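# Close look at the chain arrangement
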Amino acid sequence: MSGVKKATVTRSLSKTLGNVQKELNECAKRAEEVGKTGKKALDAKRRKTEGIKLPRELPADLQQYLKDDTKQWKNFLKRFDDSIRDAGKLYGDSEDKLQAYASKKEKSDKKIAGIVVEADSIRQSMKGKDWYCDEENKRANKLKSNAERVVSALRSDSRLCTEALNLSQKCFAKYSEAENLADLAQMEYDRLVNLGNNRKEKERIKEENERNAKLMADDLHSLRNRIEAKDYRKFGGGTYSSEEQKLLDSFDALVADGEYEQALKEAGDLKAMLANAAEAIENGQITWETAKAAAEKTLADAKEEAAGFNRDEIATYSGMNAGEIQAAFDEVNSAEAAILAEDFAGAETAVANGMEKIRGIVETTVKNREAAENRLEIARCIMQALYDANYDEPQAYLDDENDELSELHIVASAPGNVADMEMQVSLEGKVSFEVKNIPDGQEQLCTGAVKSLQEKLGDDGIIFDVTDWGRAEHQSKSVAIPTTVQQETTIQMQRSK
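Residues numbered from 1 in each chain as written. Predicted model: local features only at pLDDT ≥ 70, side-chain atom pairs only at ≥ 80, totals over all residues. Heavy atoms only, no water.

Turning our attention to the confidence of the model for the protein chain. Summing up the model confidence of the protein chain, the mean pLDDT is 79 and the portion of residues at 70 or higher is 80%. Ranking the elements of the protein chain by mean pLDDT puts strand 1 (residues 5–11) last with 42 and strand 3 (residues 408–412) first with 92. Across residues 1–11, confidence stays below pLDDT 50; counting only partners more than four residues off in sequence or on other chains, it has 66 contacts. Scored below 50 in pLDDT, residues 477–497 makes 66 contacts in the model with residues more than four places away or belonging to other chains. (pLDDT = per-residue confidence, 0-100. Helix = DSSP H or I, 4+ residues; strand = E, 2+ residues; numbered from the N terminus. Contact = heavy atoms within 4.5 Å.)

Okay, the pairing of strand 5 (residues 430–436) next. In this structure, strand 4 (residues 420–425) lies alongside strand 5, joined through six bridges in antiparallel fashion. Residue pairing across strands places M421 opposite V435, the latter belonging to strand 5. Linkage of strand 4 to strand 5, two consecutive antiparallel strands, is achieved through a turn of four residues, within which G429 is found at a positive phi near 90 degrees. (Pairing = 2+ DSSP bridges.)

This part covers helix 11 (residues 322–340). Counted at 1.5 Å a residue, the expected span for helix 11 with its 19 residues is 27 Å, and the 27 Å between its end C-alpha atoms agrees. The axis of helix 11 is deflected most strongly, by about 30 degrees, at E331. Inspection of helix 11 places I325, A328, F329, E331, V332, A335, A338 and I339 among the buried residues, and these make up the whole buried set. The elements touched by buried residues of helix 11 are helix 9 (260–307), helix 10 (311–317) and helix 12 (344–388). By the N-cap criterion, in which a side-chain oxygen at the helix start approaches the backbone nitrogen of a residue two or three places on, helix 11 is capped by N321, the distance to G323 being 3.0 Å. (Expected span 1.5 Å × (residues − 1). Bend = angle between axes of the 7 residues up to and from the residue. Buried < 20%, exposed > 50% of the residue type's maximum accessible area, 1.4 Å probe, protein only. Polar contact = N/O pair within 3.5 Å; in protein donor to acceptor, adjacent residues only side chain to side chain.)

A few words now on unusual backbone geometry. In this structure, E342 is a non-glycine residue whose phi angle is positive, near 65 degrees. Structurally, the position occupied by E342 is in the loop between helix 11 and helix 12. E342 sits in the partly exposed class, given a relative accessible area of 37%. Phi at N390 is positive, roughly 75 degrees, even though this residue is not glycine. Following the sequence through the fold, N390 ends up in the loop between helix 12 and strand 2 (395–398).

See the structure below:
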C-alpha cells in the first residue's frame, strides 16, 4: 500500500524517570563544576592577604614630628581594612550562593524520590490491566510533567553557581587591591619613620628658619621620592611634570644659598602640589593594577571552564559550523590582546560575551546529543520489532552520514515482499512511514502489519500511535489504537532468541 503514514513514538514511565535522574545529575555536575572554578587560587589569595600584618602605630619618640603627615598612611590602612572586609563579605556571599544551590539540589532530589514512589504506585495499579489505561496514562503524564518541572527548576537554580563564581572573582580582585594597599601602607610607614627621624634630628638646629626650611626640604624630597618611585608618567595624569620639578629645584637652590625665609614662602604651595600628585599617582596605579588583576582572573577562569568542554562533541551535536564555534572561543581568547593593550574593561566584556555564547552552544549540544541518542534507541527497538515480525534484517542510515542530526531512515523487506516498511525518524522522535506493495482492496494487510509492529514495540515500552492511516483509514477503525502518551525513556535493544 503506497502513501506516507505517520506515527508518534513515546516511551514508558519507568525509563522516563531514569532519563530525568540522569539529566538531573548532569545538570548538578555542570553547576557544581562552575561553582568550583578558580576556588583553589582564590583560597590561596585569601590566606596570603589575610595573613598580612601591618604596623598600626608609629614609634612613640617620632609621633610628635609626624602629627600632620599620617593622613595618607592611615588612609591606606583604612582602605586596606575595608578591602579585607569587603573581600570577606564577597567570599561569604559566594559560599552562601553555593549553599543555597546545594539546598535546592537536595530538595530536587527529595521531589524526584517522591515521584519515583508515585511511579511505583502507578506501575502496581497497572498490573493485570490494559497497558493503555486512561487513568494510569493521565497520572503518568502528570508525573512526567512534575519530573520535568523539577529538572527545569534545578537548571534555573544552577545560575546560583555562576553567581557564586562572579562573586568569587570580585572577591579575588578585592584581595588583590588589599595587597597593593598593604604595600603602599608599608612604604608610607617607612617613609614616615625616616621623615620623623630626619625631623627629630633637624629640630636640634637652633635657627627657626633654617630648621623649618630643612624640615620642609625633607618633606618635599620625601614626596618627590614617593612620586618618582612609581610610574608617574603613566599614572599621574600630568600632575607631576617639569613645572613641579623646576619649582622643587628652585626651592633647593634657596635653601643651599641660605635663603630660608624665601624658601619657606614658596614651599607651602609646592608641598600641596606634590602631595596631590603623589596621591593621584598612587590611586591611578591601584585602579590600574586592580582592573588588570580582575581581567586576568576572569580570563583565566574562562579558559579553565572552556577547557572542560568536549570540542568533538560540540562539533558533532551543536548543529553549528566549525567557524561559528571557533568564533565563540576566539572571542574569549581575544581578551589576551585586550589585556596587553590595557583595555581591561574590553577584555572582561569579551570574556563575558564569549562565555555566554559557549555556554549556549554547550547547552544546545547536550540537548541534541540526548535527542540523537534517544532516537537511536527508538530506531533499534523498531528494527528489533521488525526483525521479530520475520522481516529481513532491517537496515538504518542517516540522510547525511556526516551529520548525526540528519533524518534517520529504516528500511525492511517483508516476507513475500508484501507490506515492506520504509520509515523516517526525525530527531524529535516523530516517524513517517510507508507500507509498500499492498494491493488495492487488501488494506487489512497494511493494518495488520502496523498492528503487529505496535504490539511488539509495546513489549519494549514503546507506544507506536498511528495518526494518519492513509487509504487504510477505514480498515484502522477496527484496530484498537492506544492513546498517545508523551513520555521519554532510554530503550535497550534486545534481539529475541
